[in-house]
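# Coordinate analysis (summary)
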Amino acid sequence: MKKEKVPTVTAQERRVRAVKGKPVFYDSPRIKSAKALLVAHLKQHRLSKPYDSGVSLRVSRLFPKGRHKDGEYRITKPDTDNLQKMLKDCMTLCGF
C-alpha cells in the first residue's frame, strides 16, 4: 500500500484573478490535490447515519521539527482558522 504524503497547503493559499474587473477566487492545483486526498480519506470514515445533536471537533497539528521546540505554541502563519478551514470544508463535502 502506497503511503500518501500529508497535505501541507491551507485554504489561505487560494488564488485570485480579475475577470471583467472583479476578483475571482480559485484553488491552485496543490490545493485541489490536497482536498482530493482529504476527501478520499474522510469518505472511509463517514457515518451511515448523521448525528442528530451537536458534536465537538478536536484537531492536533504536528509540524516538523525546525525553529520551534516540541510542545511550543506556534504563533506565526498559518493561523488555526486557515489550518482548519480546508479540513472542515472537506468534512462537510463528505457529509459529516
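Read on for a plain summary of the structure. Only a predicted model underlies this, so the values are computations on that prediction, with no experimental measurement involved.

Looking only at helices and strands, one finds 2 helices and 2 strands in the protein chain. Scanning the protein chain from its N terminus toward the C terminus, one meets helices and strands in the order β-β-α-α. Across the 96 residues of the protein chain, 19% fall into the buried class. The long-range fraction of contacts in the protein chain, counting pairs at least 24 apart against all pairs at least 6 apart in sequence, stands at 58%. Summing over all exposed atoms, the protein chain offers an accessible surface of approximately 8800 Å²; the carbon and sulfur share of this is 55%.

Applying the stated rule across the entire model yields 2 salt bridges. One salt bridge connects Lys35 with Asp27, and the closest N-O pair in it is separated by 2.8 Å. With a shortest N-O distance of 3.0 Å, Lys85 and Asp89 are connected by a salt bridge. Of this pair, Lys85 and Asp89 both sit in helix α2 (residues 80-93), 4 residues apart, which is roughly one turn of that helix.

What counts and what doesn't
- Residues numbered from 1 in each chain as written.
- Predicted model: local features only at pLDDT ≥ 70, side-chain atom pairs only at ≥ 80, totals over all residues.
- Heavy atoms only, no water.
- Helix = DSSP H or I, 4+ residues; strand = E, 2+ residues; numbered from the N terminus.
- Buried < 20%, exposed > 50% of the residue type's maximum accessible area, 1.4 Å probe, protein only.
- Contact = heavy atoms within 4.5 Å.
- Areas by Shrake-Rupley, 256 points an atom, 1.4 Å probe, with all protein chains shown as cover.
- Salt bridge = Lys/Arg side-chain N within 4 Å of Asp/Glu carboxyl O.

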